[in-house]
Every structure is written in structure tokens, then in C-alpha cells.
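# Architecture at a glance
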Amino acid sequence: MDQADFEQCFIDLGWGPKWREDEVAVAIYRHMLAAHKFVQPDHIVLDISAGEAKYRPMYQHGNYVAFDATVGDQTWDYSRLDIVGDAMNLPIRESCIDVALNFTSLEHYYDPM
């Protein structure tokens, strides 16, 4: 996926065509793009609080793992998750994740630090 395709995917995922007018959207896009460029085929990418795993296409060139507690919107389709669990107690072995993603849910955790 080249950068133009990546940007279109970002737009299509709900950020909209005017995302550049929103400081937060710009910051999120930059972080997502940096992670996208960093990921290699042998990397494990853990998307913490992935929800419906909508970011999977952006990181499919690595080993994308969608993780969520499934306590968000009851209308969401959680069927594309790889792991269900508590983000505050990740059931993941230490030092095995190359990239951890968490773009829009950190503010919901009791003690994110």
C-alpha cells in the first residue's frame, strides 16, 4: 500500500476528506503512517482496543493482531478480533510485539500510564 492508498484508507475509515483541518486527526494520521512505514513482514502489530479491527488493511503487510475487550458500542461487529481481553492486563508474552497501536481509546482507561 503506497502513501496515497494509505491516506484514502484513512479517509474511508471515517476520518473524512477534510481530516487535515483537524489537529487531532493530523496527529493520528502521522502516527499511523509512521507505524505503517516501520512495519516489516515479520513484525507483530498489536492493535490494542481494535474495536472492529478497521485498521487491519493498513498493517496487513505485517502480522496484525486485533485485541479488544468488546465492551464498546454494542452495534459493532467484533468478529474480526484475534484476542478478547483487558487492555490493562494484556495476555501477551513480554517482548514479542514489534508495534503496538492504540489510536483513539487511551482516554477510556482508568490508569493509562
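To keep things clear, this report deals only with the structure shown in the data block. Since this is a predicted model, take the numbers as computed values, not measurements.

Thresholds, definitions, all that
- Residues numbered from 1 in each chain as written.
- Predicted model: local features only at pLDDT ≥ 70, side-chain atom pairs only at ≥ 80, totals over all residues.
- Heavy atoms only, no water.
- Helix = DSSP H or I, 4+ residues; strand = E, 2+ residues; numbered from the N terminus.
- Rg over C-alpha atoms; globule rule 2.2 N^0.38 Å.
- Buried < 20%, exposed > 50% of the residue type's maximum accessible area, 1.4 Å probe, protein only.
- Contact = heavy atoms within 4.5 Å.
- Areas by Shrake-Rupley, 256 points an atom, 1.4 Å probe, with all protein chains shown as cover.
- Lys, Arg positive; Asp, Glu negative; His and termini not counted.
- Charge placed at Lys NZ, Arg CZ, Asp CG, Glu CD.
- 1 Å grid on protein atoms, 1.4 Å probe; cavity = no way out; pocket = protein on both sides within 12 Å on 5 of 7 lines; lining within 4 Å.
- Points joined across faces, edges and corners; volume = space filled by probe spheres on them.
- Core = buried A, V, L, I, M, F, W, Y, C linked by side-chain atoms within 4.5 Å.
- Expected span 1.5 Å × (residues − 1).
- Polar contact = N/O pair within 3.5 Å; in protein donor to acceptor, adjacent residues only side chain to side chain.
- Salt bridge = Lys/Arg side-chain N within 4 Å of Asp/Glu carboxyl O.

### Topic: the overall build of the protein chain
Each helix and strand in the protein chain was counted, giving 2 helices and 4 strands. Going residue by residue from the N terminus, the α and β elements of the protein chain occur as α-α-β-β-β-β. Taken over the C-alpha trace, the protein chain has a radius of gyration of 14 Å; the compact-globule value for 113 residues is 13 Å, and the two agree within 12%. For the C-alpha atoms alone, the extent of the protein chain along its principal axes is close to 35 × 30 × 30 Å. With 113 residues in all, the protein chain has 37% of them scored as buried. Restricting the contact set of the protein chain to residue pairs at least 6 apart, pairs at least 24 apart contribute 45%. When the accessible surface of the protein chain is totalled, it reaches about 7,300 Å², and 51% of it is carbon and sulfur. Here the protein chain contributes 8 positive and 19 negative side-chain charges, whose respective centroids are spaced 5 Å apart.

### Structural notes on the layout of surface pockets
Approximately 620 Å³ is the volume attributed to the largest pocket. Along its surface, the largest pocket is lined by 28 residues, and Ser49, Gly51, Trp76, Thr104 and Ser105 are the ones closest to its centre. A per-element tally of the lining of the largest pocket places helix α1 (residues 3-15) first, with 3 residues.

### Comments concerning the nonpolar core
In terms of nonpolar packing, the biggest core is built from 26 residues, with Met32, Met58, Tyr59, Tyr64 and Leu101 touching the most fellow members. By size, the runner-up hydrophobic cluster in this structure holds 5 residues, among which are Leu46, Ile48, Phe67 and Tyr109.

### Some points on α1
Counted at 1.5 Å a residue, the expected span for α1 with its 13 residues is 18 Å, but the 16 Å between its end C-alpha atoms falls short. Restricting attention to buried positions, one finds in α1 the residues Phe6, Glu7, Cys9, Phe10 and Ile11. The N-cap residue of α1 is Asp2: its side-chain oxygen and the backbone nitrogen of Ala4 are 3.2 Å apart. Trailing α1 by a residue or two, Gly16 shows a phi angle of about 80 degrees, which is positive.

### Quick look at the side chain of Asp68
By secondary structure assignment, the location of Asp68 is in strand β2 (residues 63-68). Buried charge without a partner: Asp68 forms no salt bridge, and the closest opposite charge is Arg56, 11 Å away. Polar side-chain contacts of Asp68 include one of 2.7 Å to the backbone nitrogen of Gly51. Not counting residues within four places of it along the chain, the set of residues in contact with Asp68 comprises Ser49, Ala50, Gly51, Tyr78, Leu81, Ile83, Val84 and Gly85.

### Looking at the environment of Thr75
Structurally, Thr75 can be placed in the loop between β2 and β3 (83-84). Through-space distance from the C-alpha of Thr75 to that of Gln8 is 25 Å; in sequence the pair is 67 residues apart. In terms of polar contacts, Thr75 uses its side chain to reach the side chain of Asp73, at 2.6 Å.

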